[in-house]
Amino acid sequence: VQLQASGGGLVQAGGSLRLSCAASGRTFSSYGMGWFRQAPGKEREFVATISKSGGSTFSADAVKGRFTISRDNAKNTVYLQMNSLKPEDTAVYYCAASNRFITTRTSDYDYWGQGTQVTVSS
């Protein structure tokens, strides 16, 4: 499966962005999907994940209550709605696909998108 992330940009603290990740290739609904992020000089970290059907989600503590992951299997797209953004959310955001039900581990994801930059100014 090929993944294409989009929707990043520059936003002021407290603002919102919605990231999208469009999938092509094999059946999108066969994969659990996740969002990860990587800030300069830091390791890639888990943000949120959603099950194949969309019925189950899990988010990192750092974004709970602010970020929401969702998917539309008819459109082969997963989304990350980001509200109340903080400067510490600044990073390159990656979407990824996994054959597992729902997982937070980077190593469980088989396919990765190219990343989209999110910059939050204070």
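For every chain, the first residue of its written sequence is number 1, and the numbers climb from 1 along that sequence. Residue-level local features of this predicted model are given only where pLDDT is at least 70; pairs of side-chain atoms are given and counted only at 80 or more, and the full residue set underlies all totals for whole chains, interfaces and linings. Heavy atoms throughout the structure, all of them, feed into the side-chain values; hydrogens and water do not.

Draft legend 1. Spotlight on the sheet that holds strand β8 (residues 77–82). For two strands to count as paired, DSSP must find a minimum of two bridges between them. The helix count covers DSSP runs of H or I at least four residues long, the strand count covers runs of E at least two residues long, and both are numbered beginning at the N terminus. The antiparallel open sheet is built from four strands, whose spatial order is β1-β3-β8-β7. Whereas interior strands pair on both sides, the edge strands pair on one side only; in this sheet they are β1 (2–6) and β7 (67–72). Between one strand axis and the next, the sheet turns by 15° as a mean value, whatever way the strands run. Here, axes are lines fitted to C-alpha atoms. For helices the fit covers the stretch in contact, and angles between N-to-C directions go from 0 to 180 degrees.

Draft legend 2. Geometry of the nonpolar core. For our purposes a nonpolar core is just a set of buried Ala, Val, Leu, Ile, Met, Phe, Trp, Tyr and Cys residues, chained together by side-chain atoms within 4.5 Å. Buried residues are those whose accessible area, probed at 1.4 Å on protein chains only, stays under 20% of the maximum for their type, while exposed residues exceed 50% and partly exposed ones sit between those limits. Grouped together as the largest cluster of nonpolar side chains are 34 residues, with contacts concentrated most on Met33, Trp35, Leu80, Met82 and Tyr93. For this core, the secondary-structure elements that each account for two or more residues are β1, β3 (17–24), β4 (32–38), β5 (45–50), β7, β8, β9 (91–98) and β11 (116–121). Counting residues per element, this core draws most heavily on β9, at five residues. The contact criterion used is simple: two residues touch if any of their non-hydrogen atoms lie within 4.5 Å. Not counting the four nearest positions on each side in its chain, Met33 is found in contact with Leu3, Cys21, Phe28, Ala48, Thr49, Ile50, Ile69, Arg71, Val78, Ala96, Ala97 and Tyr109.

Draft legend 3. Seen up close, the environment of Ser16. By the element assignment, Ser16 lies in the loop between β2 (9–12) and β3. Between the C-alpha atoms of Ser16 and Arg66, which are 50 residues apart in sequence, the distance is 9.4 Å. Aside from chain neighbours lying at most four places away, what touches Ser16 is Val11, Gln81, Met82, Asn83, Ser84 and Leu85. Under the rule applied, a polar contact is a pair of N or O atoms within 3.5 Å (in protein, one hydrogen donor and one hydrogen acceptor; residues adjacent in sequence only if both atoms are side-chain atoms). Here Asn83 takes part through its side chain, which lies 2.9 Å from a polar atom of the side chain of Ser16.

Draft legend 4. Summary view of the pairing of β7. Only one face of β7 is buried: it carries Phe67, Ile69 and Arg71, and the other face, with Thr68, Ser70 and Asp72, is open. The hairpin turn running from β7 into β8, its antiparallel successor, is four residues long, and Asn76 in that turn takes a positive phi close to 55°.

Draft legend 5. Up close: the side chain of Ser20. Position of Ser20 relative to the elements: it lies in strand β3. Relative accessible area serves as the criterion here: at 18%, Ser20 is assigned to the buried category. Excluding residues that lie within four positions of it along the chain, Ser20 makes contacts with Gln4, Ala5, Ser6, Trp35, Thr77, Val78 and Tyr79.

Draft legend 6. Representation of the packing of aromatic side chains in the model. Stacked, tilted and edge-to-face are the three classes assigned to paired rings of Phe, Tyr and Trp, where Trp is represented by its six-membered ring and a pair needs centres within 6.5 Å; plane angles under 30 degrees give stacked, over 60 edge-to-face, the rest tilted. As enumerated under the stated definition, the model contains six aromatic pairs in all. Consider the rings of Tyr31 and Tyr111, whose centres lie 5.7 Å apart with planes at 85°: the pair is edge-to-face. Of this pair, Tyr31 sits in the loop between β3 and β4 while Tyr111 sits in strand β10 (residues 109–112), and the two are 80 residues apart along the sequence. Look at Tyr31 and you get buried, because its relative accessible area is 5%. Residues Phe36 and Tyr109 carry aromatic rings whose centres are separated by 5.0 Å and whose planes lie at 80° to one another, so their mutual orientation is edge-to-face.

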